[in-house]
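# Structural overview for review
Chain by chain, the residues:
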Amino acid sequence: MKARYLLPAIVGLMCQTGTAQETMIQYLSGTDKDHTVAWQFFCSDGMKSGQWTTIAVPSCWELQGFGGYNYGWDRDPHREQGHYRHTFQAPETWRGRRVFLTFEGVMTDATVSLNGQSAGPTHQGAFYRFQYEVTDLLKLGGENELDVLVDKESANASVNEAERRADYWIFGGIFRPVYLEIKPRDFIERVAIDARHDGSFRMLAFPNLSQKTERDVSIEAEIQTPDGRRVGKPVAARGIGADGAVTLAGKLTNPLQWTSETPHLYQAVFRLKSGGRTLHEYRQRFGFRTIEVRQGDGFYVNGVKVLMKGVNRHTIWPETGRAISPAVALEDVRLIKEMNMNAVRMSHYPPDSYFLDYCDSLGLYVLDELAGWQSKYDTPTARRLVGEMVRRDVNHPCILFWDNGNEGGFNTEVRGDYAVWDPQHRQVLEPWGKLDGVDTKHYPGYAHSLEAVSEGDHIYMPTESLHGLHDGGHGAGIEDYWETLRQWKLYAGQFLWNLTDEGIIRHDRRDTLDAKGNLGTDGILGPHHEKEGSFYTIKQVWSPVFVRRPKLDASWDGSLYIENRYHFTDLSQCAFTMGLTRYGNGLDASVLRADSTSLPTVSLKPGEDGILHLPLPEDWRDYDMLRLTARDARGQEICTWQWPVTTSAKTARRLLAENGTPEMDNETRARTEAAMAKLAPKIIGRPMPKQTRMDWTLLPDGTVRLNYEYLLDGDYDYAGVAFTYPEQGVTGATLMANGPYRVWKNRLKGPGFGIYEKPYNNSITGEKWDYPEFKGYYAEFHAVTLHNSQQPDLTLFVPDEDRFVQLYAPQRPAQYVAPSVPVVPKEDICVLSHISPIGSKFTLPHVEGPQGEKNHCKGQTIRGSVYLRFSE
């Protein structure tokens, strides 16, 4: 293979300046799933086994068609072994240097030899960087053969229990890059930086020296901006401490601080010097920021209390499993930020280092996690892997906490080991449990959470909550949690489960996508990042710019109440635009008129509220929809709110007027009456409403007006009027309501008012991934036309406010879990005064907050009308 010399972000090292020697990186594998190198490969069992062939590296071998697939809960996991071989050249120019063979991640046991000689002990543990010095094993000036035996199942039972007996897909293979580091004889092995927001810093540089230089060395550190401009004066120190480090300390005046909102980064250039010569240069990116855990209070970043708006994330891509790419990692970070989240938990293992690089540069708080799903590593293994994880990740300013496993998979004997490698002494969490004043209870429910923050004594931050499944969880209930708990001092935020559905391509099943029934369909996003409805609910609920919806009547003067819910950002750094839209005649999605106005900046400090004034034109009431968009300092959309200016009554009058008042002929009358009979209108509810009344009138133009009335006295899942309009032949709908995504009673936010062309689909959230779904509830319903290839199109519109429409009942998932299956009308088309909520994977809707309760109605009489019109 032709040698390639690269300087990747994953090894924060080095350039050549003056007489300094550089560290060179030669990749033996590819760099990611999209850039691979073919190695020789032999699989011992399963698909494509028993013969030497080639495989792309890095990769998970199952996704390359080898071995056998396993989910972590499978009782009889495949145990195949993969034998890798690869040859490479080692030039004579490496003589006098030291060479290290580095693996970023191998599942699971890796036994490595070079040119027939062992490189070192077998490495056990899939998600951790490890390396061997191979200086004396290389054949310089010739060809070298690398052999790697990879056992999918570890010989260490505790590794299997911690990493592989888990609720996620498990794989085998060299799934992260492999490369050589070629270093000078004397070099800086690693650094660990503690840089505080006041500019003070302490940097530990660990030199690796030969005997002849170890008494006469110093290390200098120079702080630079990311583009290489020096800031402050260099600091230098000599003398190696008992920990093997040279300690450098100083203070930078007025540094730019790192937070999730202001991810300012610097780089430190370390120079190892001896006798006036620079022996080695090492670069490390870092940020100035301070983390505090104030007992009985909360989490503070740079002296400011912060709330975590977070999500759990697996490293996954359908075609390649755990082998991903910087492009996938970047898209993950951008999608998390697009939902107005500021935090992410690494569930349930350390991620690719480039994911952390993006969290540093774009701004996300991170909980970095030692594997241990519900079982722990034995102590020697845990101790070794804690060191490997922390040494790799210690300098990322995005990391606020170390997670010592998950849900009981805690080796309590290594709690103190994190601080051995981390000069920042970040707090250790044990997600699901209580530790050192922090309660991270999983799936607590709304009532327990309220009790914990109002009566407890621990900082409260559930690290898993509102468990997604199909369309449930996530956004359903989040507003109750957020708006209530954020008022209490002990609440520190929460993390939703989970970012994406874990679906993978099964080469043993004709390349179908398998999300393991109801085990992997937990995401806010589909396997290829398809956005579910909860995505937009979370985006609005967690928006750092809160806008209270105004009452858009004739008395409104354009004043909007807003709050700044940022932690560090003044709203003067944000831009607001206002838009007004007038749609075409009738139910026409084409825009007849649209006006957009940039608004003057408004200055509100974090935590302040105030008034945003919209410059309304005199004829603003003639429009149909008002839009407000907020953008951050980078120009990224924070949130867009769309509210109806027109009323349902006005829409109804406009639709009635478009036909004029023609007298219909007898044939049209007969056809309309027959069609109306087939619609079989009826009042529905669960339980059934009382004192029902319904009558319909055929208007001169052929429109049917249905008047209805019913009494609600009790607790109802839903109530309204239903019509029979068979689904067969329906091709789509033109809908005037909140859209384009459907809603639930406890997930109303996110969709915006407008006219939407919705193509028909029978998508099942988490099974078919064709979004937005067609079937379900839509709020602020004004009108809809159902397009049909087999029978007349049907248009419905209402003059009443606060109505919902259901376009057919969503199909129940094949492998459903009861709490996440909502109670919905079984009828075809329904106009409803009340709709039902949806639960999560583990809980019924009411457990996750008041919005999830049934509709409590006491002696409530509902009166209304539905207009219906048929067209060929």
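Residues numbered from 1 in each chain as written. Predicted model: local features only at pLDDT ≥ 70, side-chain atom pairs only at ≥ 80, totals over all residues. Heavy atoms only, no water.

## A closer look at the overall build of the protein
- Counting its regular elements, the protein contains 10 helices and 56 strands.
- For a compact globule of 872 residues, the expected C-alpha radius of gyration is about 29 Å, and the protein comes in at 31 Å, within 12% of that figure.
- Expressed as lengths along the three principal axes of its C-alpha atoms, the size of the protein is roughly 105 × 65 × 50 Å.
- Expressed as a percentage of the 872 residues in the protein, the buried residues total 63%.
- In the protein, once contacts between residues fewer than 6 apart in sequence are set aside, the share between residues at least 24 apart is 71%. (Helix = DSSP H or I, 4+ residues; strand = E, 2+ residues; numbered from the N terminus. Rg over C-alpha atoms; globule rule 2.2 N^0.38 Å. Buried < 20%, exposed > 50% of the residue type's maximum accessible area, 1.4 Å probe, protein only. Contact = heavy atoms within 4.5 Å.)

## Section: the packing of helix α2 (residues 326-338) against helix α3 (residues 353-362)
- At a minimum axis separation of 9 Å, α2 and α3 run at an interaxial angle of 40°. As summarised for this structure, α2 and α3 are arranged oblique, according to the angle between their axes. The two elements α2 and α3 cross, and the hand of that crossing is right-handed. Contacts between α2 and α3 pair P326, A329, L330, D332, V333, R334 and K337 from the former with Y354, F355, Y358, C359 and L362 from the latter.
- Residue composition of the contact of α2 with α3, grouped by class: nine nonpolar, no polar and three charged. (Axes fitted to C-alpha atoms, helices over the stretch in contact; angles between N-to-C directions. Parallel < 35°, antiparallel > 145°, perpendicular 65-115°, else oblique. Left-handed = near helix turned anticlockwise from the far one by under 90°. Nonpolar A, V, L, I, M, F, W, Y, C, P; charged D, E, K, R; others polar.)

## Structural notes on the environment of G579
- Mapped onto the elements of the fold, G579 is located in strand β40 (residues 575-584).
- Between the C-alpha atoms of G579 and S598, which are 19 residues apart in sequence, the distance is 8.9 Å.
- Apart from residues no more than four positions distant in its own chain, G579 is found in contact with D595, S596, M625, L626 and R627.

## A word on the packing of helix α6 (residues 446-455) against helix α7 (residues 478-485)
- In the contact formed by α6 and α7, the axes pass within 11 Å of each other and the chain directions differ by 15°. Taken together, the axis directions place α6 and α7 in an arrangement best described as roughly parallel. Considering the relative orientation of α6 and α7, their crossing is right-handed. Where α6 approaches α7, its residues Y446, S449, L450 and V453 are matched on the opposing element by D480, Y481, T484 and L485.

## Considering the sheet that holds strand β32 (residues 434-435)
- Strands sit in the order β32-β33-β34 across an open sheet of three strands; the sheet is mixed. Of all strands in the sheet, those bounded by a partner on one side alone are β32 and β34 (459-460).
- As paired strands, β32 and strand β33 (residues 438-439) are joined by two bridges and run antiparallel to one another. Directly across from L435, in β33, lies its bridge partner V438. (Pairing = 2+ DSSP bridges.)

## Considerations on the confidence of the model for the protein
- Taken as a whole, the protein shows an average pLDDT of 94; of its residues, 97% reach a score of 70 or greater.
- For the stretch residues 1-19, pLDDT sits under 50, and the model shows 54 contacts to residues farther than four places along the chain or on other chains. (pLDDT = per-residue confidence, 0-100.)

## Let's talk about the side chain of T108
- If you trace the backbone, T108 turns up in the loop between β8 (106-107) and β9 (109-114).
- With relative accessibility at 0%, the residue T108 sits in the buried group.
- In this view, T108 contacts H123, Q124, G125, A126, V150, D151, K152, S154, V159, E163 and R164; residues no more than four positions away in its chain are not counted.

## Details of the packing of aromatic side chains
- If you walk through the whole model with that rule in mind, you get 33 aromatic pairs.
- Between the aromatic rings of F41 and F66, the centroid separation amounts to 4.9 Å while the plane-to-plane angle is 80°, which identifies the pairing as edge-to-face. With F41 in strand β3 (residues 37-43) and F66 in the loop between β4 (52-57) and β5 (70-71), this pair connects stretches of sequence that are 25 residues apart.
- Geometrically, the ring pair formed by Y446 and Y481 is edge-to-face, given 5.9 Å between the ring centres and 90° between the ring planes. Taken together, the positions of Y446 in helix α6 and Y481 in helix α7 put the pair 35 residues apart, joining distant regions of the chain.
- A residue is classified by how much of its surface remains accessible, and Y446, at 14% relative accessible area, is buried.
- Ring pairs connect the aromatic residues W39, F41, W61, F66 and Y84, which therefore count as one cluster.
- Sitting over the face of the ring of W620, R621 holds its NZ or CZ atom 5.6 Å from the ring centroid. (Phe/Tyr/Trp six-rings, centres within 6.5 Å; stacked < 30°, edge-to-face > 60°. Lys NZ or Arg CZ within 6 Å of the ring centre and 35° of its normal.)

## Looking at the sheet that holds strand β27 (residues 308-313)
- Reading across the sheet, the six strands line up as β31-β30-β29-β28-β27-β35 and stay open at both edges, with parallel pairing between neighbours. Single-partner strands in this sheet number two, and they are β31 (428-429) and β35 (493-496).
- Note: strand β29 (residues 365-369) against strand β30 (residues 399-403), four bridges, orientation parallel. Bridge pairing links L367 to F401 in β30.

## Side note on helix α9 (residues 648-657)
- Within α9 the residues assigned to the buried category are S648, T651, A652, R654 and L655. Looking straight down α9, one finds its buried side chains confined to an arc of 165°; they lie on one side. Facing away from the buried side of α9 by over 90 degrees, the exposed positions are R653 and A657.
- Check the buried side of α9 and you find it contacts β40, β49 (730-739), β52 (783-788), β53 (793-797) and β56 (855-871). (Arc of directions from axis to C-beta.)

## Side note on the side chain of D471
- By secondary structure assignment, the location of D471 is in the loop between β34 and α7.
- When near neighbours in sequence (up to four residues on either side) are disregarded, D471 contacts E532, R742, W744, R747, T765, E773 and I838.

## A few points about the nonpolar core
- Ranked by internal contacts, the top residues of the largest apolar core, which has 100 residues, are F299, M308, M341, V344, Y377 and L496.
- Look past the residues within four positions of M308 in its chain and what remains in contact with it is F299, N342, A343, Y365, L400, M461, A492, G493, Q494 and F495.
- Grouped together as the second largest cluster of nonpolar side chains are 35 residues, L679, A733, L794 and V866 included. (Core = buried A, V, L, I, M, F, W, Y, C linked by side-chain atoms within 4.5 Å.)

## A few points about the pairing of strand β6 (residues 81-90)
- Sheet topology note: the β3/β6 ladder contains four bridges and is antiparallel. If you follow F42 over to β6, its bridge partner there is H83.
- Pairing of β6 with strand β13 (residues 142-151) involves 10 bridges; the strand directions are antiparallel. Within β13, the position partnered with H83 by the bridge is L149.

## What about unusual backbone geometry?
- Omega for the peptide link from S347 to H348 comes to 0°, which places this bond in the cis form.
- Here H348 shows up in the loop between β28 (343-346) and α3.
- Looking along the chain, the bond that leaves W497 and enters N498 is cis, with omega of 15°.
- By secondary structure assignment, the location of N498 is in the loop between β35 and β36 (504-506).
- The phi angle at N254 is positive, at roughly 50°, despite the residue not being glycine.
- Relative to the assigned elements, N254 resides in the loop between β21 (246-251) and β22 (266-274).
- Judged by its relative accessible area of 70%, N254 falls in the exposed class.
- Even without being glycine, Q691 reaches a positive phi, approximately 45°.
- You can see Q691 is positioned in strand β46 (residues 690-698).

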